[in-house]
Structures are given as C-alpha cells and as structure tokens.
Amino acid sequence: MIALNLHNETNPLEAVLLGLPDSFGGTPKLEDCYDPKSREHVLNGTFPTQQNVINEMTAVKSVLLKYGIEVFQPRNIEGLNQIFSRDIGFVIENKFIIPNIIDDRKEEVKALDKFLENIRAEDIILMPSNARVEGGDVMLCDDSIFVGYSQESDFHKYQVARTNKCAVDFLKHSFPYKKVKGFELKKSDDNPRDNALHLDCCFQPVGQHFAIMYKAGFKNQSDIDFLISHFGEENIIFISRDEMYQMNSNIFSISPQVVISEKGFERLNNELRVKGITVEEVPYAEIAKMEGLLRCSTLPLRRK
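Only a predicted model underlies this, so the values are computations on that prediction, with no experimental measurement involved.

What about the overall build of the chain?
Thought 1: Counting its regular elements, the chain contains nine helices and 15 strands.
Thought 2: Each principal axis of the C-alpha atoms in the chain carries an extent, and together these give about 45 × 45 × 45 Å.
Thought 3: Of all 304 residues assigned to the chain, the portion counted as buried reaches 59%.
Thought 4: Pairs at least 24 apart in sequence give 75% of the contacts found in the chain among residues at least 6 apart.
Thought 5: Accessible surface, the chain: about 12,000 Å² in total, of which carbon and sulfur atoms supply 48%.
Thought 6: If the 36 positive side-chain charges of the chain are averaged to one point and the 45 negative ones to another, these points end up 2 Å apart.

In structure tokens, the structure reads:
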C-alpha cells in the first residue's frame, strides 16, 4: 500500500504522482480548449507537439529519480491529455481527496483506478457533488490550507473558474483543526495574462519561509495584505504580469533546499539561488503553453 503524508509544499519529497505524456492527443480543436492560453496557441499554430511534451516530462522524471523519489503515473488512456495530475486529486495529511472537476477532464480521474487500489479505502475521500475544486487551487501550509476559489457569480460566469465556495466549506468541515482560508482569484476566459487559472498560477510557498507571488492575480487587496503579512514582504519574490503568464509561480519543490524550475525563468531562478535554494532547471516552456507548469504536473503523495 502507498503511505500518504502531506502537510506543506516544501518538506522533502518521498513519493509523487507525475502526469503522463505518452498520448496527450495533440492539438485540440479550438472549441475543445478550456483555458485561454491553450486557445491562444491553437490559434497561433504553436501548440506543443507530442514529442516536445514527452521530452519535457522525461526531463522532470529524471530529476525526481535523481533525488530518490518514488514516481507513480496514471494509467494511459489513448488520446487523453493526462499531463496535469495535480488537479485530479490531492493529499492532505494521510487522506487522498478525489475532487469534482470540469466535465472536460473527468476521464483523467478514471485513469487513477489502478493507482487508487494501492491506497486504503478509509484514506480516500470523495467530495460531495456540489463541492467543485481542482488541486491547483489547494495549497498546504502546515496548520493552514490555502484555497483559490470563485464566488458563485464568477464560478458560473467563467469556464476557468474551477473551485467554488462549497469546496472551501467542505475542507473546513473535513479538517476542522486546520485554518482554511479562501482567496478569490481574478478570472478571464479570453486573456491568459489576466487569468489566474488556479492559486498556484499566482502564488506558491518555497524554501523554509519564502513565497512567489503575483499580486494582480488576487481579486481582494485584503488577501494580498494577508499573504504579505504572513510571509513578510522581504521574503516574497514578486513576479510581473508577463512572468505570471509564463507560469513563474508554478515551479515544484523537492525539498526546502531544492526546486525544479523552467530553464528560461532566469530572474526567478537567480533570486532563488541568492536565497540558498538549489534550482534544477528543465525545459518546460512547451507544456506551459497549456496554462500549466511543474506544480500542475505533480501530485505529491508523501513528504517527510
């Protein structure tokens, strides 16, 4: 059986479910795109190829194995984009939570069937049907759980609104000893530079006490103020609108001392190194065209 243990975003990683690049279906039809960045690259004829996707995810897997991390992957479903494993489930403490995601992606959850057989039934939580969430919106910070979400008016208005208030309330009820805080995110179905698809598209803790943040991804100034107060302004790497678009906040922590990052994130990677963090650089700019990056492609199962 697979042991689960997750309390934060940065403790040393022991086991992870990595997305699968084997047969991602190639360039979708424009009407089948469900985020504005994918739509932009379909229109421009620059959507990633099968080989590019395989090359980039192979590079990530090589880094994970280099650090002795146990890597699991979903069952392959031919022609299905299964790259972004983060959204189709998430772990809190020793529980694996299966969320309700958009209809376009429900087949991805079915590909976890064999994997879930290795987790004790009593450690699997099925969310109620009215609670909608994707794992990119859920972030663990020890005694706190941060959740990106949309109020009902935005949730029903935007295709890119993936997490609702019911999901925040469900997590509060399920983990009453945790401080569950929701953050309303800015959404746009049309412009990827104005769309915080998930919380990890505009914010992420890194290292022992640092964070990466795009302030304009949040709807409410009070939430920005909260995070600055929580981490300390001097400990936050603030990123620009273009850096958010390139997915700079969506790197992935192997430990407090080591992260995997896209090789083109020169300013961010240099700032992380100045803070004493080792940066394992990989090519991931092609996958980023689908509005996801390294955190989106990894579902941590166990950290020390």
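More follows now that the structure is in view.
Some words on the pattern of salt bridges
Thought 1: On inspection of all chains with the given rule, the structure shows 27 salt bridges.
Thought 2: Across the pair Asp223 and Lys181 runs a salt bridge, and its minimum N-O distance is 3.4 Å. Note that Asp223 is positioned in helix H7 (residues 221-231) and Lys181 in strand S8 (residues 179-184), a separation of 42 residues in sequence.
Thought 3: Since its relative accessible area comes to 5%, Asp223 is described here as buried.
Thought 4: The salt bridge involving Arg273 is made with Glu281; its shortest N-O contact spans 3.1 Å.
Thought 5: By relative accessible area, Arg273 is classed as partly exposed at 37%.
Thought 6: The class of Glu281 is partly exposed, set by a relative accessible area of 37%.

Thoughts on the pairing of strand S13 (residues 258-262)
Every regular strand shows the same layout, with side chains that alternate between the two sheet faces.
Thought 1: The buried count for S13 comes to five of five residues, which makes it a mostly enclosed element.
Thought 2: Residue alternation in S13 divides its side chains into two sets, Val258, Ile260 and Glu262 and Val259 and Ser261, and both sets are buried.
Thought 3: What sits between strand S12 (residues 252-255) and S13 in their antiparallel hairpin is a turn of two residues.
Thought 4: Of the strand pairs in this sheet, S13 and strand S14 (residues 278-282) are connected by five bridges, and their pairing is parallel.

Observations concerning the packing of aromatic side chains
Thought 1: Enumeration according to the criterion identifies 10 aromatic pairs in this entry.
Thought 2: When the centroid spacing of 5.9 Å and the interplanar angle of 65 degrees are considered together, the rings of Phe72 and Phe115 count as edge-to-face. With a gap of 43 residues between them, Phe72 in strand S2 (residues 70-72) and Phe115 in helix H4 (residues 113-116) connect regions that are remote in the sequence.
Thought 3: The buried category is assigned to Phe72, whose relative accessible area is 18%.
Thought 4: We classify Phe115 as buried; its relative accessible area is 6%.
Thought 5: Against the face of Tyr245 rests Lys37, its NZ or CZ located 4.3 Å from the ring centre.

Considering the nonpolar core
Thought 1: Core analysis: the biggest nonpolar cluster contains 65 residues, and Leu64, Phe203 and Phe218 have the highest contact counts within it.
Thought 2: Looking at this core, the element that brings in the most residues is helix H2 (residues 50-66), giving five residues.
Thought 3: With near-sequence residues (within four places) excluded, Leu64 lies in contact with Leu13, Val16, Leu18, Ile69, Val71, Phe252, Ile254 and Ile260.

So, the sheet that holds strand S15 (residues 298-303)
Thought 1: Judged by pairing direction, the sheet is mixed, and its three strands sit side by side in the order S2-S1-S15 without closing on themselves. The sheet is open, and its two borders are formed by S2 and S15, each paired with just one other strand. Neighbouring strand axes in the sheet, compared pairwise and without regard to direction, differ in orientation by 20 degrees on average.
Thought 2: Across five bridges, strand S1 (residues 13-18) lies against S15 in antiparallel orientation. Across the sheet, the residue bridging to Leu18 is Thr298, located in S15.

Details of helix H1 (residues 36-44)
Thought 1: Within H1 the residues assigned to the buried category are Pro36, Lys37, Ser38, Glu40, His41 and Val42.
Thought 2: Of the surrounding elements, those touching the buried residues of H1 are helix H8 (241-245).

With respect to the sheet that holds S13
Thought 1: Sheet architecture is open: three strands sit in the order S12-S13-S14, paired in mixed fashion. Lying at the two open borders of the sheet, with one neighbouring strand each, are S12 and S14. Averaged over all pairs of adjacent strands, the angle between strand axes in this sheet comes to 30 degrees, irrespective of strand direction.
Thought 2: As paired strands, S12 and S13 are joined by three bridges and run antiparallel to one another. The partner of Ser253 across the bridge, within S13, is Val259.
Thought 3: Along the sheet, H2 contacts S12, S13 and S14; its crossing angle with S14, the most-contacted strand, is approximately 145 degrees.
Thought 4: Helix-sheet contacts for helix H9 (residues 266-274) involve S13 and S14, and the interaxial angle to S14 is about 155 degrees.

Section: helix H6 (residues 165-174)
Thought 1: Listing the buried residues of H6 in full gives Ala167, Val168, Phe170 and Leu171. One side of H6 holds all its buried residues, which, seen down the axis, span an arc of 160 degrees.
Thought 2: Tucked inside the fold, the buried residues of H6 contact strand S3 (90-92), strand S4 (95-98), strand S5 (124-126), strand S6 (138-141), strand S7 (144-149) and S8.

Rules and cut-offs
- By convention here, each chain's residues receive numbers from 1 onward along its written sequence.
- Only residues with pLDDT of at least 70 are given local features in this predicted model, and only at 80 or more are side-chain atom pairs given and counted; all residues enter the totals for whole chains, interfaces and linings.
- Excluding hydrogens and water, the side-chain figures rest on all heavy atoms present in the structure.
- Comment: elements are numbered from the N terminus, with helices defined as DSSP H or I runs of at least four residues and strands as E runs of at least two.
- Buried means the residue's accessible area, taken with a 1.4 Å probe over protein chains only, is under 20% of the maximum for its type, while exposed means over 50%, and partly exposed covers the values in between.
- Should any heavy atoms of two residues lie within 4.5 Å, those residues are counted as being in contact.
- For the area figures, the Shrake-Rupley method with a 1.4 Å probe applies, and any residue is considered shielded solely by the protein chains shown.
- As used throughout, the charge tally considers Lys and Arg to be positive and Asp and Glu to be negative, leaving His and the chain termini uncounted.
- To locate a charge, take NZ of a lysine, CZ of an arginine, CG of an aspartate or CD of a glutamate.
- Whenever Lys or Arg places a side-chain nitrogen within 4 Å of a carboxyl oxygen from Asp or Glu, that contact is recorded as a salt bridge.
- Strand pairing follows a simple DSSP-based rule, namely that at least 2 bridges must link the two strands.
- Any two of the Phe, Tyr and Trp rings considered here, Trp counted by its six-membered ring, make a pair once their centres fall within 6.5 Å; the pair's planes then place it as stacked at under 30 degrees, edge-to-face at over 60, or tilted in between.
- A positively charged side chain is recorded as over a ring if its NZ (Lys) or CZ (Arg) lies within 6 Å of the ring centre. The angle to the ring normal must also be within 35 degrees.
- Grouping buried Ala, Val, Leu, Ile, Met, Phe, Trp, Tyr and Cys residues that are joined through side-chain atoms within 4.5 Å yields what is termed a nonpolar core.
- Axis lines are fitted to C-alpha atoms, over the contacting stretch for helices. Their N-to-C directions set the angle, which ranges from 0 to 180 degrees.
- Along the arc lie the directions from the helix axis toward the C-beta atoms.

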